[in-house]
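# Topology and contacts: notes
Here is how the chains run, residue by residue.
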Amino acid sequence: MIKMKKIFALCLLGSMSLANYAKDWEKQLPYQNPKLSVEERVEDLIGRMTLEEKLYQMSAIYFGKNAEIFDATGEYSMDEVRKQFGTHGVGHLSCPTTDMSARQAVRTGNKIQRIAVEETRLGIPVIIDAEAIHGLRATGATSYPQSIALSCTWNTELMGRIADAIGQETYSRGIHQVLSPTLDLARDPRHGRLDECYGEDPYLASRMGVEFIKGVQKNRVICSPKHFLANFVGDGGRDSGNAGMSERELREIHMPPFEAAVREAHVKSLMAAYNSLDGIPCSANRWLLTDVLRKEWGFDGYVVSDWSAVNHAHGALHIAPTKAEAAALCAKAGMDVELPRLNTYVKLGEMIRQGKISEEDINENVRHILRVKFEMGLFEHPYVDEALAEKLCDAPHFRSLAREAARQSIVLLKNEKNLLPLKGARKIAVMGPNADVVQLGGYSAKGVSGVSPLQGIRNIWGNRAEITFTKGCGMTDNSKDGFEQAIKNAREADACILVMGGANWHTGGETRDRNNLDLMGVQEEFIEEIAKTGKPIVVVLVEGRPVTMTRWMDKADAIVMMFYAGEEGGNALAEVLAGEVNPSGKLSLTWPRNTGDLPMCLLHRPYGREGRIVEYDNNGKDFLPKDRYVSLYPFGYGLSYTTYTYTNLKLEKTAIKEGEDIRFTVDVTNTGQMDGDEIVQVYLTDLYCRITQSEKRLKAFRRVHIPAGETCTVSFTLPYSSLSFLNEYLKPEVEAGEFELRVAPNCMEGLTVRLTAEGK
Ligand code: BGC
């Protein structure tokens, strides 16, 4: 009876508060009413905003390290926040909480948000930004393998789970937007930020990008893929160089990942790049940001600037004599938000007075921003639960996901006489500059408790083998003082593991491009000296990019590409070396033999003459191994501890009519002794086309698990449109004729079959 009364009382209370709730909405302004459509709310709100409020919505406040916003206790001063917000508020906050503990971040975020919502005139919630290309870049958050490593898993399902986890961790910290993923392509390994990319291929990068965005955005966190467009492909791999390529190449190679982000993943934001396209800066490029992005692809989110890009448009690209004029050009072109700090957009009023931009132009920018704020439910849910972030911070299930990803991303490049897995070794000498450190790569969180290769090796081998360690040499310095001890350790060991390579902001990273891809310092000489001991040598490369290795590769019995494998990388590496995990990663980029061979990618148009082409090295020797430019390891390459054979490639139909799908199957047999995952790749060649085509284009792939001795029949369906090329008018067309399909373990091998298409 008492129970019944309680329930009744609760219902009454519930219905009373509901009634009040309904009444409240009636009292409120139309833009505050969630029952109205987003468009109605946007228009109502814009109609109420002053010009100053609009310009502040298009701007951000930077709260980082040097901001004068801390109080005496080292926390943000809310009075200072109040002062900066004034009555107008602000659209974005740049990374204000990423250096705090999870709990402090949420509390601070909520406090700041309360000022925006309750103390500014219109109560527009603020968007808090952070970075998250391979895990939220915030203190102690889970660090997954870097993007280049994730792309080598070729596992879109795994990518989706990681993105979901990143989205959960981000949302729980009160962060609303991540400046991620990077959808630039890794087309030139000299570029410093190569590790941020999902490889060189537009199809693979599109699949990864779409999964990232869907997984993150379903947690009510906005993604801003970057850098739109072609930011990393300046001549010689130089950062933010002018992309002087044709529109055809932009559309074939660089646009597809962004187009997929818009059309398939419905991304809510996008970052314009620093560079120019054929001379027109992306930040002020109306063709790119409005005609292509909005009118052609249907993007309805907002575009943010790269950091201080408006300044750079003036100071580096010199597009206008003043910053304010550059800002007007950017805003008018469709760059809606200026990051990271109050700078030029807040001063656009003067440009309106001078007739350089109109208030209606500004309204358009503001519309884009408000629409997303409404769509993401920020007005209804401006605050987050203060307890959740701590529970999710590097939670055990996220950690094991990071380990799973690291296991799948490691690529085995060489394994002479099956040295790996290292089964029988009783004494293992671990050495090298990257053995005892955790390298996470660009845009990584601080305070991550990562596992180094050495720690991982000790964890796995435990008492089964004696592990010795000495660094032996540095990463970039020329000292050989450590050689002697390392040689001694090597002589006493059954096998040596040399963990070499580089580090973000040391041998690469943002604004740190390279003109030579050899290992730096005395690392190459170190490998040679250890090899002289005659002991079996495994070289592990911890780097964000391919390393050229002509000098030493013949001296290494096994070579493992680890990339930056995230916080669990050391454990995953050790599992691979010990044979507890069968390596299965495959290269998402072409590995060059020499720096001078660059650029070198799968997608490139044929050279214009038949016959042998000779390329000389410094000694005048022709070193081209075949008759054309050939990579050291081709796109899609990676070894395993087992072997796979491909048989029975069967096309359902060889003459394909317009609109019909192309269906085919292949049998892949695990012919070795160990269960494994194989990444089955599908390439298409348009044998004859009036516009020259790349020899092979990646069209599909599937990662499949195949137990030892078993066969897996893998089936694929390609849409008719996959046969198309861009015609003279840059429109997709299928030319009648013959095509070749290749189903393969990498782009150079596999089975092929021919088909014909009837044309458009
Ligand atoms: C980079 C962006 C990044 C921004 C903020 C810029 O230098 O190009 O990728 O999002 O800094 O960290």
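Our subject is the structure that appears above.
Here we summarise the structure given alongside this text. (Residues numbered from 1 in each chain as written. Predicted model: local features only at pLDDT ≥ 70, side-chain atom pairs only at ≥ 80, totals over all residues. Heavy atoms only, no water.)

Relative to strand β12 (residues 466–470), strand β11 (residues 427–431) runs parallel, the two being bridged by five bridges. Bridged to Met-431 within β12 is Thr-470. (Pairing = 2+ DSSP bridges. Helix = DSSP H or I, 4+ residues; strand = E, 2+ residues; numbered from the N terminus.)

Our focus in this paragraph is the site of the ligand. The full set of residues close to the ligand is Glu-131, Leu-179, Arg-193, Lys-226, His-227, Met-271, Tyr-274, Asp-306, Trp-307, Tyr-443 and Glu-510. Note that an oxygen atom of the ligand is positioned 2.6 Å from one of the side-chain N or O atoms of Glu-131. At 2.6 Å from an oxygen atom of the ligand is found a side-chain nitrogen or oxygen belonging to His-227. For the ligand, the accessible surface in isolation is 310 Å², of which the surrounding protein chains cover 91%. For the shell around the ligand, a count of residues per class yields five nonpolar, one polar and five charged. (Near = heavy atom within 4 Å. Polar contact = N/O pair within 3.5 Å; in protein donor to acceptor, adjacent residues only side chain to side chain. Areas by Shrake-Rupley, 256 points an atom, 1.4 Å probe, with all protein chains shown as cover. Nonpolar A, V, L, I, M, F, W, Y, C, P; charged D, E, K, R; others polar.)

Our focus in this paragraph is the packing of helix α7 (residues 156–172) against helix α8 (residues 202–217). α8 packs onto α7 with a crossing angle of 35° between their chain directions and a minimal axis gap of 7 Å. You can see that α7 and α8 cross each other, and the crossing is right-handed. Between α7 and α8, the contacting residues are Thr-156, Met-159, Gly-160, Ala-163, Asp-164, Ile-166 and Gly-167 on the first element and Arg-207, Met-208, Glu-211, Phe-212, Gly-215 and Val-216 on the second. When grouped by side-chain class, the residues that make up the contact of α7 with α8 number six nonpolar, four polar and three charged. (Axes fitted to C-alpha atoms, helices over the stretch in contact; angles between N-to-C directions. Left-handed = near helix turned anticlockwise from the far one by under 90°. Contact = heavy atoms within 4.5 Å.)

The next thing to look at is the environment of Tyr-345. By the secondary structure assignment, Tyr-345 is in the loop between α13 (323–333) and α14 (348–353). Setting aside its immediate chain neighbours within four residues, Tyr-345 contacts Leu-55, Met-58, Ser-59, Val-310, Ala-327, Cys-330, Ala-331, Met-335, Asp-336, Val-337 and Glu-338.

On to the sheet that holds strand β25 (residues 751–757), then. Two orientations exist for strands paired in a sheet by backbone hydrogen bonds: parallel and antiparallel. Spatial strand order, β17-β25-β24-β19-β20: five strands in an open sheet with mixed pairing. What marks the edges here is a single partner per strand, and that holds for β17 (655–656) and β20 (697–706).

The strand order across the open sheet built from three strands is β16-β18-β21, with neighbouring strands paired in antiparallel fashion. The strands lining the two open edges of the sheet, one partner per strand, are β16 (644–651) and β21 (711–718). For this sheet, the mean inter-axis angle between neighbouring strands, taken without regard to orientation, is 20°. Where strand β18 (residues 662–670) and β21 come together, eight bridges link them in antiparallel fashion. When the bridges of β21 are listed, Val-666 appears paired with Val-714.

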